[in-house]
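Coordinate analysis (summary)
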Amino acid sequence: MAFVFDDSYLLLFLAAITLVLLTRWGSRSRRRLPPGPKSLPVFGNMFSMPTEKPWETFHQWCSQYGDVVFLDLPLQPTLIAGSARVALDLLEKRSHIYSDRVMCMMDRLMAWDFNFAFMSYGPEWRQHRRLFHQHFNQGAIDKYLPVQVRQTKQFLQRVLEDPTKLPDMTRLLFAGTILEIVYGMDIRDIDDEYVKTAQMAMEGHSIAHIPGVHWVEYMPILKYIPSWVPGATFKKLVEKYRPYTKRMVSRPYQEMRKAVSEGTAPQSIARTLITKAQERSGESNEFTIEDGLAMRTLAITYAAGADTSTSASQFFLVAMAMYPDIQKKVQAELHSLVGPNRLLEPSDLPDLIYTRAVLLETLRWKPVIPMGLPHRLLQDDEYNGFFIPAGTIVLSSVWTIFRDPEEYPDPDRFMPERFIKDGKINTEISISRICPGRHLAEVSLLLAIANILHVFDVIPAPDKNGKSLGTDMEMTTGLVSMPEGIPCILKPRSSVSEALIRDANH
Ligand code: HEM
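Predicted model, so just to flag it, every value in this text is computed and none were measured. (Residues numbered from 1 in each chain as written. Predicted model: local features only at pLDDT ≥ 70, side-chain atom pairs only at ≥ 80, totals over all residues. Heavy atoms only, no water.)

**Comments concerning the overall build of the protein**
A count of helices and strands for the protein gives 17 helices and ten strands. For 506 residues, the compact-globule estimate of 2.2 N^0.38 gives 23 Å, and the C-alpha radius of gyration of the protein, at 24 Å, lies within 12% of that figure. Seen along its three principal axes, the alpha-carbon backbone of the protein occupies a region of about 75 × 65 × 45 Å. Relative to its full complement of 506 residues, the protein shows a buried share of 55%. (Helix = DSSP H or I, 4+ residues; strand = E, 2+ residues; numbered from the N terminus. Rg over C-alpha atoms; globule rule 2.2 N^0.38 Å. Buried < 20%, exposed > 50% of the residue type's maximum accessible area, 1.4 Å probe, protein only.)

Here it is, written out as structure tokens:
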């Protein structure tokens, strides 16, 4: 039956919602919830939610209320873990009840329900994660090194030709690497149709995850309202972005299936998986359950890996432009390790100490995912005398955690030395303890940043008002945050460096 949206339905619906919310509010108010910003009856903190850089407001709430902050959002109680201790106690020590995810309504509406990173903690998620792990665990990723090296050399050459397009070039580097590994695609241009499609899909995904601002999350029934209804912004967003997500997931896999059947498929993970699926399905060549699993699992690789690595590399470039002394120290390490006459190879990476510390400090200084990925609590819990209701979304405020002055003195300052002790890397943190793409990301990023500083100097470019860089930068709002522009250029360090770049064959 089609949903009819007339006034009587609306009134009935609003009355029902109010009743449900009042009941929930009443029963919760009898338990001792963690502190948080003052909430209104029924609507809770709905109107306190920031739309711009929420992590900054979360940070402020954490300094005001402590490291466990509760946000009373209708149908979506939310807890902010504001210290490493709380994140560890809840997300790791009690991971059996805190590892669920929630697929938000905006994700479903934008066709992101294929994404195992947001699937419930259960057999379906496990199936996807297992398949992903088979191809990206530490032992499996060595075979992708030739792609990573080739893509890095291409990046250096592109930048030499045009040093002004760093945002596009960095994206091309990491998108190209992942798409070649996964689908064997040869991406030469940032205007490539697939990259543009995936970027639009990612933009939608990032907007969908700004916490607390899409009313359809509180009232799922709103999904039925037409987009012309005033205030139905979420619906317009859905209409804009959904087609891109659909194309991002299916197009490359379907094209690879055809190429495998015709015997023209390039070496890639997709070719391996499709060949296996076709061997099982035999002559019929029908799209099997295995194909579906492979298609969805591979589609997430670009979504999870391209923007995150691009963002980290861009923050790195801005940091180097702001901190020339640190840049010089990295260059000194690289020079003493490999000398001026060759580029860095993967076999050099384990010997990099200071350069690796710079990567870690970049990820701390401007965390790529400043609010972490939301975890969902499966059952009622007690923590430090506070009641945490089942269904609570837990966000680790990575931004706040990495700004803890006890752990990271002078936290706004870029200081790689904090990760070095007795000449060795000293840290518990890596890219993320449970990010299954971290091994690939570490190699891609380290190879890129080491080679960049080996042959280029990162020089600040004055902004459009003629001012030079300060020591901070603006960040974009979204699940994955990026610098607002990269106000620097890369200049070859010497004629020898220039020749090294030009002669690098790939
Ligand atoms: C700088 C680069 C990267 C950063 C900072 C990063 C960070 C993260 C974080 C914070 C999470 C969520 C962890 C949690 O549940 O709390 C995550 C999950 C994930 N990452 Fe990464 N990541 C990076 C690169 C990559 C790459 C290159 C890939 C793919 C090759 C990847 C694939 C994934 C996947 C599939 C998940 C979801 C795992 C699950 O829910 O089971 N990531 N990442």
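**Details of helix H12 (residues 289-322)**
For H12, spanning 34 residues, the distance from its first C-alpha to its last is 51 Å, which sits close to the expected 50 Å at 1.5 Å a residue. Among the 34 residues that make up H12, 30 are buried, leaving the element largely enclosed by the rest of the structure. (Expected span 1.5 Å × (residues − 1).)

**Considering the coordination of the iron atom of the ligand**
In this structure the iron atom of the ligand is ligated by exactly one protein donor, Cys435 (SG), at 2.3 Å. Mapped onto the fold, Cys435 is located in the loop between strand E8 (424-425) and helix H16 (438-455). (Donors = N, O, S within 2.8 Å, 3.2 Å for Na, K, Ca; no water.)

**What about unusual backbone geometry?**
Positive phi, normally seen in glycine, also occurs at Lys53, with a value near 35°. By secondary structure assignment, the location of Lys53 is in the loop between helix H1 (7-28) and helix H2 (54-65). For Lys53, a relative accessible area of 15% gives the class buried. A positive phi angle, near 50°, is found at Asp422, a position not held by glycine. Along the polypeptide, Asp422 turns up in the loop between strand E7 (420-421) and E8.

**What to know about the environment of Ser281**
Inspection of the secondary structure assignment puts Ser281 in helix H11 (residues 269-281). Once the C-alpha coordinates of Ser281 and Asp351 are considered, the two residues, 70 residues apart in sequence, prove to be 47 Å apart. Not counting residues within four places of it along the chain, the set of residues in contact with Ser281 comprises Glu286 and Thr288. (Contact = heavy atoms within 4.5 Å.)

**Here we look at the packing of aromatic side chains**
A complete count under the given rule lists 17 aromatic pairs for this structure. Ring centres 5.3 Å apart and planes at 45° place the aromatic pair Tyr121 and Trp125 in the tilted group. On the basis of relative accessibility, which here comes to 33%, the residue Tyr121 falls in the partly exposed class. Residue classification places Trp125 among the buried residues on the basis of a relative accessible area of 18%. On the basis of an interplanar angle of 25° and a centroid distance of 4.6 Å, the ring pair of Phe132 and Phe136 is categorised as stacked. (Phe/Tyr/Trp six-rings, centres within 6.5 Å; stacked < 30°, edge-to-face > 60°.)

**With respect to the site of the ligand**
By nearness alone, 22 residues border the ligand, and Arg101, Trp125, Arg129, His375 and Cys435 come closest of all. Arg101 places a polar side-chain atom, nitrogen or oxygen, 2.7 Å from an oxygen atom of the ligand. Contact distances for the ligand include 3.0 Å between an oxygen atom and a side-chain N or O atom of His375. Within the residue set of the shell around the ligand, elements represented by two or more residues are helix H6 (123-136), H12 and H16. Split into classes, the residues belonging to the shell around the ligand amount to 14 nonpolar, six polar and two charged. (Near = heavy atom within 4 Å. Polar contact = N/O pair within 3.5 Å; in protein donor to acceptor, adjacent residues only side chain to side chain. Nonpolar A, V, L, I, M, F, W, Y, C, P; charged D, E, K, R; others polar.)

**Structural notes on the side chain of Arg364**
Turning to its location among the elements, Arg364 is positioned in helix H14 (residues 354-365). Here Pro411 takes part through its backbone oxygen, which lies 2.8 Å from a polar atom of the side chain of Arg364. Arg364 has contacts with Phe402, Arg403, Tyr408, Pro411, Arg413, Arg418 and Phe419, leaving out every residue within four places of it along the chain.

**A short note on the side chain of Arg257**
Relative to the elements of secondary structure, Arg257 occurs in helix H10 (residues 233-262). Residue classification places Arg257 among the buried positions, given a relative accessible area of 10%. Not counting residues within four places of it along the chain, the set of residues in contact with Arg257 comprises Ile274, Gln278, Asn285, Glu286, Phe287 and Asp291.

**Quick word on the sheet that holds strand E1 (residues 68-71)**
Within the open sheet, the four strands sit side by side as E1-E2-E6-E3. Their pairing is mixed. Lying at the two open borders of the sheet, with one neighbouring strand each, are E1 and strand E3 (375-376). Sheet analysis places E3 next to strand E6 (residues 393-396), joined by two bridges and oriented antiparallel. Among the inter-strand pairings, His375 is bridged to a residue of E6, identified as Val394. Sheet contacts for H2: E1, strand E2 (78-81) and E6; angle to E1, the most-contacted strand, approximately 115°. (Pairing = 2+ DSSP bridges. Axes fitted to C-alpha atoms, helices over the stretch in contact; angles between N-to-C directions.)

**Considerations on the packing of helix H7 (residues 145-161) against helix H8 (residues 166-183)**
Working note: a packed helix pair is described by the angle between its axes plus the distance between those axes. Running from N to C, H7 and H8 point in directions that differ by 160°, and their axes come no closer than 10 Å. Looking at the two axes, H7 sits roughly antiparallel to H8. Read as a crossing pair, H7 and H8 show a hand that is right-handed. Contacts between H7 and H8 involve Val147, Gln148, Arg150, Gln151, Thr152, Phe155, Arg158 and Val159 from the former and Leu166, Met169, Thr170, Leu172, Leu173, Gly176, Thr177, Glu180 and Ile181 from the latter. The residue inventory of the contact of H7 with H8, partitioned by class, reads eight nonpolar, six polar and three charged. (Parallel < 35°, antiparallel > 145°, perpendicular 65-115°, else oblique. Left-handed = near helix turned anticlockwise from the far one by under 90°.)

**Side note on the pairing of E1**
The alternating pattern of E1 places Val68 and Phe70 and Val69 and Leu71 on opposite faces, both of which are buried. Where E1 folds back on E2, the antiparallel hairpin that results is connected by six residues, among which Leu75 adopts a positive phi of roughly 60°.

**Examining the UniProt feature "binding site: heme" (unreviewed entry) in the protein**
Residues given the UniProt feature "binding site: heme" (unreviewed entry) here are Cys435. Residue class for Cys435 comes out partly exposed when judged on its relative accessible area of 26%. (UniProt positions renumbered as here; feature names shortened; annotations may be inferred.)

**With respect to the pattern of salt bridges**
As enumerated under the stated definition, the model contains 24 salt bridges in all. Measuring nitrogen to oxygen at the nearest pair gives 3.4 Å for the salt bridge that ties Lys93 to Asp89. Separated by four residues within a single helix, Lys93 and Asp89 lie in helix H3 (residues 84-93), roughly one turn from each other. Judged by its relative accessible area of 15%, Asp89 is buried. The residue Glu262 makes a salt bridge to Lys258 at a minimum N-O spacing of 3.6 Å. (Salt bridge = Lys/Arg side-chain N within 4 Å of Asp/Glu carboxyl O.)

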